[in-house]
Amino acid sequence: MSRIQIIFLIIIVILVAILIALYFVGKRLQARQAESEVQIQSMKQPMTLLIIDKKRLKLKESGLPDQVIQNTPWYAKRSKVPVVKAKAGPQILNFICDEKIFDSIPVKKQVKAMVSGIYIVEVKGIRGKLPTDGQPKKKSWIDKLQEKAGAKPVK
């Protein structure tokens, strides 16, 4: 065998080993996430919240309790999290929101939310639907021009 073939063979073996390691690490992380999801679902309770503000902030800038920031892994401290500032009863609190429902939370509206600790899991409107649920998608200027010309939009 030539040197080039040996080098390629070593590189392929290393890549296969890395892929196998990533597979097992991914399985372990997926099991851990499923465990935490079950725990969150079992601890959730309904609350009436008046949403004051919502933003995506770095964990250090979010205003969450120090214990939450200290218990966060080092690699997640620099990532941005969806933070919701809300009034629950007489207190104004900062909550972390689920990424899936962050866009559907209305600002300056009262909502019924399912909360697990400081984590908002689910949101429902108190008076009917949430305002962001029924809004149609805004048309771009290209769609408007095609509509005026009578052309069918490409999907």
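For clarity, every value in this text was computed on a predicted model and none was experimentally measured.

Caption draft 1: Layout of the packing of aromatic side chains. Counted according to the given criterion, the structure contains two aromatic pairs. With a centroid separation of 5.8 Å and 85° between ring planes, the pair formed by Trp-74 and Tyr-75 is classed as edge-to-face. A cation over an aromatic ring shows up here: Lys-54 above the ring of Phe-102, its NZ or CZ 5.0 Å from the ring centre.

Caption draft 2: A look at the sheet that holds strand β3 (residues 91-97). If you walk around this closed barrel you meet the five strands as β1-β2-β3-β5-β4, and the pairing is mixed. Strand-to-strand twist in this sheet, taken as the mean axis angle between neighbours without regard to direction, amounts to 55°. One ladder, built from two bridges, connects β3 with strand β5 (residues 119-125); its direction is parallel. Across the sheet, residue Ile-96 finds its bridge partner in β5, namely Tyr-119.

Caption draft 3: Focus on the layout of surface pockets. In this structure, the largest pocket occupies an estimated 1,200 Å³ of space. Lining the largest pocket are 31 residues, and of these Ser-36, Ile-40, Pro-73, Ile-96 and Tyr-119 sit closest to its centre. Listed by contribution, the elements that provide at least two residues to the lining of the largest pocket are α1 (3-43), α2 (66-71), β2 (80-88), β3 and β5. Counting residues per element, the lining of the largest pocket draws most heavily on α1, at nine residues. Considered class by class, the residues forming the lining of the largest pocket number 15 nonpolar, ten polar and six charged.

Caption draft 4: Highlighting the side chain of Ser-62. Positionally, Ser-62 belongs in the loop between β1 (45-58) and α2. Here the side chain of Ser-62 touches Leu-64 through a polar contact of 3.5 Å, landing on its backbone nitrogen. The contacts of Ser-62, once residues within four sequence positions are left out, are Leu-57, Val-83 and Asn-94.

Caption draft 5: Geometry of the environment of Val-115. If you trace the backbone, Val-115 turns up in strand β4 (residues 110-116). On the basis of relative accessible area, Val-115 is assigned to the buried category, the value being 2%. Taking the C-alpha atoms as reference points, Val-115 and Gln-41, 74 residues apart in sequence, are found 9.3 Å from one another. Those residues in contact with Val-115 that sit more than four places away from it in its chain are Met-43, Lys-44, Gln-45, Met-47, Leu-49, Phe-95 and Ile-120.

Caption draft 6: Region of interest: the nonpolar core. Residues Leu-49, Ile-51, Val-84, Ile-120 and Val-123 are the most contacted members of the largest nonpolar core, which totals 15 residues. If we ignore the near neighbours within four places in the chain, the residues touching Leu-49 are Ala-86, Lys-87, Ala-88, Phe-95, Lys-109, Gln-110, Val-111, Ala-113, Val-115 and Ile-120. Core analysis: the second largest hydrophobic core is formed by six residues, Leu-59, Ile-69, Val-83 and Ile-96 among them.

The rules behind these values
- Along each chain, numbering runs from 1 in the same order as the chain's sequence is written.
- Reporting in this predicted model follows two pLDDT cut-offs: at least 70 for local features of residues, and 80 or more for side-chain atom pairs to be given and counted; totals over whole chains, interfaces and linings ignore these cut-offs and use all residues.
- The basis for the side-chain values is all heavy atoms of the structure; hydrogens and waters are excluded.
- Each Phe, Tyr or Trp ring (for Trp, its six-membered ring) is paired with any other whose centre lies within 6.5 Å, and the angle between the two planes then decides the class: stacked below 30 degrees, edge-to-face above 60, tilted in between.
- We count a charge as sitting over a ring when the NZ of a lysine or the CZ of an arginine lies within 6 Å of the ring centre and within 35 degrees of the ring normal.
- Following DSSP output, two strands are said to pair if at least two bridges run between them.
- Per the convention used, a helix needs a DSSP run of H or I reaching at least four residues, while a strand needs a run of E reaching at least two, with both numbered from the N terminus.
- Structural elements are reduced to axes, namely lines fitted to C-alpha atoms, with helices fitted over the stretch in contact, and the angle between N-to-C directions of any two is expressed from 0 to 180 degrees.
- Cavity and pocket criteria rest on a 1 Å grid covering protein atoms alone: a 1.4 Å probe that fits but cannot get out defines a cavity, protein on both sides within 12 Å along at least 5 of 7 lines defines an open pocket, and an atom within 4 Å of a point defines a lining residue.
- Grid points are joined across faces, edges and corners, and a volume is the space filled by probe spheres set on the points.
- Amino acids outside the nonpolar list (Ala, Val, Leu, Ile, Met, Phe, Trp, Tyr, Cys, Pro) and the charged list (Asp, Glu, Lys, Arg) are all regarded as polar, and Gly is one of them.
- The definition of a polar contact used here is a pair of N or O atoms within 3.5 Å, where within protein one atom must be able to donate a hydrogen and the other to accept one, and adjacent residues in sequence count solely through side-chain atom pairs.
- Whether two residues are in contact is decided by their heavy atoms, any of which lying within 4.5 Å being enough.
- For the exposure calls, accessible area comes from a 1.4 Å probe over protein chains only, and a residue counts as buried if that area is under 20% of its type's maximum, exposed if over 50%, partly exposed in between.
- Only buried residues count toward a nonpolar core, which is a set of Ala, Val, Leu, Ile, Met, Phe, Trp, Tyr and Cys residues joined through side-chain atoms within 4.5 Å.

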